[in-house]
Amino acid sequence: WFDMDLSTKPYKTLRYNNTGLRSISMHKKLPLFAAGGEDGIVYVFHGMVYQDLMQNPFIVPLKRLHAHKCDKFDGVLDVVFHPTQPWLFTCGVDQTVRMFTER
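Keep in mind it's a predicted model, so treat the numbers as computed, not measured.

> Would you explain the packing of aromatic side chains in this entry?
Two aromatic rings are characterised by how far apart their centres lie and by the angle between their planes. Counting across every chain of the model gives 2 aromatic pairs. Geometrically, the ring pair formed by phenylalanine 33 and phenylalanine 45 is stacked, given 5.0 Å between the ring centres and 15° between the ring planes. In this pair, phenylalanine 33 sits in strand β2 (residues 32-37) while phenylalanine 45 sits in strand β3 (residues 41-48), placing the two residues 12 residues apart along the sequence. On the accessibility criterion, phenylalanine 33 (10% relative accessible area) is buried. With relative accessibility at 3%, the residue phenylalanine 45 sits in the buried group.

About the thresholds
By convention here, each chain's residues receive numbers from 1 onward along its written sequence. In view of the model being predicted, local features appear only for residues whose pLDDT reaches at least 70, and side-chain atom pairs are presented and counted only at 80 or more, with totals across whole chains, interfaces and linings using the full set of residues. To obtain the side-chain values, all non-hydrogen atoms of the structure were used and water was disregarded. Between rings of Phe, Tyr and Trp, where Trp is taken as its six-membered ring, a pair exists when centres lie within 6.5 Å; planes separated by under 30 degrees are stacked, by over 60 edge-to-face, and by other angles tilted. In DSSP terms, a helix is any run of H or I states spanning at least four residues, a strand is any run of E spanning at least two, and both are numbered starting from the N terminus. Each residue gets one of three labels from its accessible area relative to the maximum for its type: buried under 20%, exposed over 50%, partly exposed in between, using a 1.4 Å probe on protein chains only.

This is the structure we're talking about:
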């Protein structure tokens with residue numbers, strides 16, 4: 001998370017996945033983003049940036065989804081949000097595509 005006006009260094013570094021990340025997706029309308037890693041786990045976050053520059057961004061982890069089985073160093077290949085609904089689609093090395101909803 002960067003604020004280029006404040007500094008050239010990241011504001012916050014999130015370390016949730018134990019292995020490397022394969023894909024990150026941000027929802028177009030909702031304050032959600034997701035990160036899928038080589039360990040087969042997808043993390044969903046709520047993230048907001050305020051108009052007031054003196055107020056820090058708000059980042060909260062919401063869900064940890066065991067989305068796909070791992071094949072040595074690969075798990076989740078891609079994550080993408082539905083354009084209007086709070087649905088998350090993932091595909092993995094286990095040759096499956098999965099859809100996650102809010103419930």
